[in-house]
Amino acid sequence: MTKQTKYNPHAVEEKWRPIWEGQNLYQAWNDPDKSDIYVLDFFPYPSGAGLSVGHARNYVPTCIISRYKRMRGYNVLHPMGWDAFGLPAENYAIKHNIHPSESTKLFADTYRRQMQAMECSYDWSREINSTFPGYYKWTQWFFLLLHKRGLAYRAQGSQWWCPSCQTILANEQVEQGLCWRCDSEVTKKELAQWYFKITEYAERLIADLDTVNWPENVKTMQCNWIGRSEGTEVVFKINPQITQISQIKNSKSIKSAKSVAKNFEIKTFTTRVDTLFGVTFIAIAPEHPLVEQIVVDGQAATVSHYIEQAKRKSDIERTSSEKVQTGVFTGSYATHPLTGEPVPIWVADYVLPSYGSGAVMGVPAHDSRDYVFAQKYNLPIMPVIVPEDDMEVEGCFTGYGRLINSAQFTGQSSQEAIAAITTELETQGKGQPQVTYKLRDWLISRQRYWGAPIPIIHCPECGPVPVPEDDLPVQLPETDNFAPTGDGRSPLAHIHDWVNTSCPACGSPAQRETDTMDGFACSSWYFLRFANPHYEEGPFDPEAVRRWLPVDIYVGGTEHAVLHLLYARFWTKVMADAGLIDFIEPFTMLRNQGVLTSPLDGRRMSKSKGNVITPDEVIAKHGTDALRLNIVFLGPFDADVIWDEAGIRGMTRFVERFWTLAKEKAQVKVRSVVGQRRGDTNAEADFARARHKIVKRITQEMEDFRFNTAVAGLMEYLNTLYEVREQPIGAEAWREAIGTMARLLAPIAPFITEEVWQTVLGHAESVHLQPWPSYNEAMTLDSEITIVVQVNGKVRDRMTVAVDMPVALVKETAVAQPNVQNHINGQPIRKIIVVPQKLVNIVV
């Protein structure tokens, strides 16, 4: 055997990178005879820390599937771009005294370089950046579309405020009472804000999940966030007579008593209207608009103080089951809709304005939270439901059962009573069936500089006026004073030359909207732009979108299940309703990669934690192929895994072993058959069978995103090739085996496979332009199988037989096995049971 040249991954990478770049190897093809497929990563937000190997857990697999689909004969669109507006970039710029336009360019350059180092097969000719005016011009255009369709509006309200980021946050961006970006505790602030009316699409956002191939846990998270509830709206009218009596008792004179309008009513929502006769109080949220109108004078100071305290609490704190529920009596009463009894009205912070109408009917006998509240404030507890089996209940019974103390509904089951009581309320005009959602409209205003300006002009005469489409984009003004000022307004508000303008409608002096859009607006449509990013007549090229969209395979983390994914689905449905596109879901298939954690501390890699391993250092030491192989070999695609340094050394050995065998067995020039030993027919048949079997296996692994087991299968196949290294197998069979191995491995390890394919095997065209290997199903079946032989149900032997051996011969062969004969021991055979290709059971 000739001495082999040691494989040098870095030399091979330096050789092929410029060649592939010159060939535009990864540009999307435009072959009309091929099917199209669109493989896309979540829009990445480039940060100053650059990529860790944890990020490769996302980008390498999508590269693999793109390469695989290209070899399967598809036109593949696999683009990349940058979602570069937002708080992190601006905060970094402030901290390091650099303009965010400069820092985000540096970050994007770093990400691009690292992705190219990992040889991610992106079509870089389609690169986009959300901070470029040519891009956010169309983000603003979509704002105007939403506004035109009545889905964008401005309203005053109490909103989440991050004192550290100094901006408003959407509900989805507050986690456990903390800012999702900086982990600071959030508070509430009264501001006029812009919203997108995503609630208009709540029902469709749930229903259309049935049409997509997404992980069930993500579908569940979206459904839970939208929070659809079927129940009954119950109307309690304010009882002015009882309320005025209460006021008089708590006032120094009748003159100081405040008049309560007779038409006030409180609408509550309940999924358990069968408990209506157990209502002993009503609790309304501190933010409820009726609080100021119904609180009596004697309670006004107490209620006001309580509301101020509630404002300092997060929703998590207010609704925590570990917290003692608190409240304060308003002094007012409502009238029970069916009994006519007075019901006291309380303000309680465990009631959130975001649920239903911000008011709940208190049923302490059948709601654990109401039960604790009633006990604390000595409110009546009236049981109206008992278990069907009449089992005695202590305390609060929250289950369904049979009604008691419920007038004409007594004796009915809960299910019967829900329908009957709802009908009665509807008949009397005091209630109706209702569906509610926890989902709230998307708050998109941000009081920061680094974002797409909202295209609205405020005119004293005309009010908010949309910027004409011909005037887009409304560009961010250049300024060095982009830090928040602390007054609750965007830094843009202080750039007077930019703010002051004229009204597009009447020409009067007016001012621009100074808030910028939430960064998620930019990522709610980017997938459309990639179809043709050079199109200038609109946000996307309609013809290219019809060709490529919707996205076939979309890959990213579950952390955006109720943020980006929900918003992008909403915008897509709006576009469909406007007749701009012909599909209602943007992402046909969604796959979530698992988290790759650091071996240093078992946590997600982060520069601030000092536990980052970069792809740069791994590639410098082991090469790109070894990095890519190890990334996917660590575990199933959707599983959380820990980076393993020992594993990458194993991948390095695997690459070197393949190189060694290829050099030995598949030289460029095959010697003439004349004079050389012919291959053994049986050995070559088994050799070919192994090749067909591995092609079938790896094809299925690729289709199912099982990249880790694909690598394992290729390692096993390489071991098989080494095991038959000295067997009499012809040179052509070896070339075919090495060539098949190269093509199967090519999507995962692009460099070693190109080197083997062109340099060793002598092919003129790239391995990455070759068709995926095919297999013959008949050749994937074993010629021989091992069958278990039992005597009276106990395993006594195993035998290897031909797959197509006749049953009679299988029986005869089984009986003849020496160990079987020992256990038969001359006894007469009563019967022989054969389970084809599995076992033979001899009964004696």
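Quick look at the structure, then.

The rules behind the values
Residues numbered from 1 in each chain as written. Predicted model: local features only at pLDDT ≥ 70, side-chain atom pairs only at ≥ 80, totals over all residues. Heavy atoms only, no water. Helix = DSSP H or I, 4+ residues; strand = E, 2+ residues; numbered from the N terminus. Buried < 20%, exposed > 50% of the residue type's maximum accessible area, 1.4 Å probe, protein only. Contact = heavy atoms within 4.5 Å. Pairing = 2+ DSSP bridges. Axes fitted to C-alpha atoms, helices over the stretch in contact; angles between N-to-C directions. Parallel < 35°, antiparallel > 145°, perpendicular 65-115°, else oblique. Nonpolar A, V, L, I, M, F, W, Y, C, P; charged D, E, K, R; others polar. Salt bridge = Lys/Arg side-chain N within 4 Å of Asp/Glu carboxyl O. Left-handed = near helix turned anticlockwise from the far one by under 90°.

Further remarks concern unusual backbone geometry. Between L472 and P473 the backbone carries a cis peptide bond, its omega angle lying at 5°. Inspection of the secondary structure puts P473 in the loop between β22 (463-466) and α14 (496-499). Cis geometry is found at the peptide bond from L549 to P550, where omega equals 0°. Considering the arrangement of structural elements, one finds P550 in the loop between α16 (542-548) and β26 (551-555). In the Ramachandran plot, N97 falls in the positive-phi region, its phi being about 55° despite a non-glycine side chain.

Take the environment of I832 next. Tracing the chain through its elements places I832 in strand β32 (residues 831-835). Overall, the relative accessible area of 24% leaves I832 in the partly exposed class. Once the C-alpha coordinates of I832 and Q790 are considered, the two residues, 42 residues apart in sequence, prove to be 9.7 Å apart. Non-local contacts of I832, meaning those with residues more than four positions away in its chain, are made with K811, V815, V840, N841 and I842.

This part covers the sheet that holds β32. Reading across from one edge, β31-β30-β33-β32 is the order of the 4 strands in this open sheet, with mixed pairing throughout. On the outer flanks of this sheet lie β31 (794-802) and β32, each paired with one strand and no other. For this sheet, the mean inter-axis angle between neighbouring strands, taken without regard to orientation, is 20°. Taken together, the 8 bridges between strand β30 (residues 784-791) and β31 define a ladder with antiparallel strand orientation. Directly across from E784, in β31, lies its bridge partner A802.

With that settled, the discussion passes to the packing of helix α7 (residues 216-226) against helix α17 (residues 564-577). The interhelical angle for the contact between α7 and α17, taken along N-to-C directions, is 75°, at an axis separation of 11 Å. Between α7 and α17, the angle falls in the class roughly perpendicular. Counting all contacts with α7, which are made through V218, Q222, W225 and I226, the residues of α17 involved are L565, L566 and R569. Along the lines of polarity and charge, the residues of the contact of α7 with α17 split into 5 nonpolar, 1 polar and 1 charged.

Per the stated rule, a full pass over the model turns up 37 salt bridges. With a closest N to O distance of 2.6 Å, R113 and D616 form a salt bridge. Taken together, the residues span a long stretch of sequence, with R113 in helix α4 (residues 100-117) and D616 in helix α18 (residues 615-622) at a distance of 503 residues. What makes D616 partly exposed here is its relative accessible area of 27%. We note a salt bridge from E716 to R697, for which the minimum N-O separation is 2.8 Å. Residue E716 is found in helix α22 (residues 707-723), and its partner R697 is found in helix α21 (residues 681-703); the two are separated by 19 residues along the sequence. Looking at E716, the relative accessible area reads 41%, which means it is partly exposed. One salt-bridge network, held together by shared partners, links R697, E701, D704, R706 and E716.

Looking now at the sheet that holds strand β9 (residues 187-196). The strands making up a sheet are joined through hydrogen bonds of the backbone, oriented either antiparallel or parallel. One open sheet holds the 4 strands; their spatial order is β6-β5-β9-β19, and the pairing between them is antiparallel. The open sheet is flanked by β6 (167-169) and β19 (442-443), the only strands paired with a single partner. Pairing analysis gives 2 bridges linking β9 to β19, with the strands arranged antiparallel. From the neighbouring strand, F196 faces β19, where its bridge partner is W442.

Turning to the environment of I748, a few remarks are in order. Within the element layout of this structure, I748 appears in the loop between α23 (731-745) and α24 (750-760). On the accessibility criterion, I748 (0% relative accessible area) is buried. Sequence separation between I748 and P383 is 365 residues; the distance between their C-alpha atoms is 66 Å. Those residues within four positions of I748 in sequence are excluded, and the remaining contacts are I64, R628, L629, V632, M702 and V711.

Turning to the packing of helix α19 (residues 624-633) against helix α20 (residues 645-665), a few remarks are in order. Taken N-terminus to C-terminus, the directions of α19 and α20 make an angle of 125°; their axes are 8 Å apart at the nearest point. The orientation of α19 relative to α20 falls into the category oblique. The interaxial crossing formed by α19 with α20 has right-handed handedness. Contacts between α19 and α20 involve D625, A626, L627, L629, N630 and F633 from the first element and G647, I648, M651, T652, F654 and V655 from the second. Here the residues of the contact of α19 with α20 are counted per class, giving 8 nonpolar, 3 polar and 1 charged.

Right, let's get into the environment of Q23. Within the fold, Q23 resides in helix α1 (residues 9-23). Using a relative accessible area of 44% as the deciding quantity, one classes Q23 as partly exposed. Sequence separation of Q23 and S502 is 479 residues, and the distance between their C-alpha atoms is 52 Å.

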